[in-house]
Amino acid sequence: MKTIALVSTAGGTGRTTLTAALAVLLARRRRAVVAVDFDPQNLLGAHLGLDTFSKVGLADAMLGRTAPWREHTWRNDEGVLFAPHGELALDERTASEARLVSEPRWLAQALAQIDLPDSAVAFVDTPRYPSPQAAHAVRCADLVLCLTPPEPAACATLVRHLAPLRRASAHLQIVVNRLNPARDMQRDALSLLQAAVGATTTLDQRVHLDAAMPEAFARGTWFFDDAPHSQAAHDLQGLANWLDTWLGPVAARGVTRKG
Ligand SMILES: Nc1ncnc2c1ncn2[C@@H]1O[C@H](COP(=O)(O)OP(=O)(O)O)[C@@H](O)[C@H]1O
Ligand SMILES: [Mg+2]
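Residues numbered from 1 in each chain as written. Chains lettered and ligands numbered in written order. Predicted model: local features only at pLDDT ≥ 70, side-chain atom pairs only at ≥ 80, totals over all residues. Heavy atoms only, no water.

Engineer: Give me helix α7 (residues 152-168): which residues, what numbers.
Structural biologist: Between its first and last C-alpha atoms α7 spans 24 Å; for 17 residues at 1.5 Å apiece the expected length is 24 Å, and the two agree. L162 marks where α7 bends most, by close to 50 degrees; the proline P164 follows one to four residues later. When α7 is considered as a whole, its buried residues turn out to be A154, C155, T157, L158, H161, L162 and L165. On its buried side, α7 packs onto β1 (2-7), α6 (132-140), β7 (143-148), β8 (172-179) and α8 (184-197). (Helix = DSSP H or I, 4+ residues; strand = E, 2+ residues; numbered from the N terminus. Expected span 1.5 Å × (residues − 1). Bend = angle between axes of the 7 residues up to and from the residue. Buried < 20%, exposed > 50% of the residue type's maximum accessible area, 1.4 Å probe, protein only. Contact = heavy atoms within 4.5 Å.)

Engineer: Can you lay out the nonpolar core for me, pointing to particular residues and giving the numbers?
Structural biologist: Core analysis: the largest hydrophobic core is formed by 43 residues, its most contacted members being V36, F38, L58, W69, W106, L107 and L165. Of all hydrophobic cores here, the second largest spans 37 residues; its members include V24, L25, L26 and A216. (Core = buried A, V, L, I, M, F, W, Y, C linked by side-chain atoms within 4.5 Å.)

Engineer: Report on the sheet that holds strand β3 (residues 74-75), specifying residues and quantitative values.
Structural biologist: In sheet architecture, strand pairing relies on hydrogen bonds along the backbone and comes in two forms, parallel and antiparallel. Strand order in the open sheet made by the eight strands is β3-β4-β2-β6-β1-β7-β8-β9, with mixed pairing throughout. Of all the strands in the sheet, just β3 and β9 (205-208) have a single pairing partner and so form its edges. Bridge analysis of β1 against strand β6 (residues 121-125) gives five bridges, and the strand direction is parallel. When the sheet's bridge partners are listed, L6 is paired in β6 with D125. (Pairing = 2+ DSSP bridges.)

Quick look at the structure:
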């Protein structure tokens, strides 16, 4: 099983949207997929089709409070196994973050409790980096997808955090999201980012801006089903194909819970 963390150094870059979309697109490619909400905002479930916010989840396990977290997982209509974050009070949040710092492999150990084929993938949604949750997810991931909009301030922020991100990541791939070719300033921002990251890190993975994306979420549908011929849907399918190849051949389908 491989773990892929979606992180970003700016807010509202599409981490949760892309975590849900990629989880479903990989599940449709007959891969066993787990979607992990590691963000205290607890919003990934809504993107995956859950109509209530799960109060219990991984965070309770971080606090050592409830029955095993995997008893609070859900499977959505697409077959994605979803592990909610759960709701935490502010003081509980501090305690859970302290555990993530003191037990740097906590998430990897938690995911190892699910009986998954080697070809399975866990997508991990995170709060903005740097944060204890995002840093922890980066440490535990086999691949870090670092999202950025092609905007000057966001790219400059990413460049500032790039060195520690690279040091902590097994593999890091930048994904440019919300690309709008009509805006010249975005081309300049990407040139500056490319110069800063160097030739070894490509900016080839790009998802175009499409107003239909938030609308699909509001309707509870999948953007790539509503607008399959749009540029952004094509981009998402391309990113899913790239990940599918990176993950390697698919084993027999199925995700089961241990014990
Ligand atoms: N490529 C895109 N085109 C248009 N809107 C997008 C795109 N990606 C994300 N969004 C929208 O941006 C907003 C923030 O996305 P979200 O996934 O919540 O970001 P994050 O989890 O990084 O805070 C949402 O309304 C989402 O629908
Ligand atoms: Mg989010």
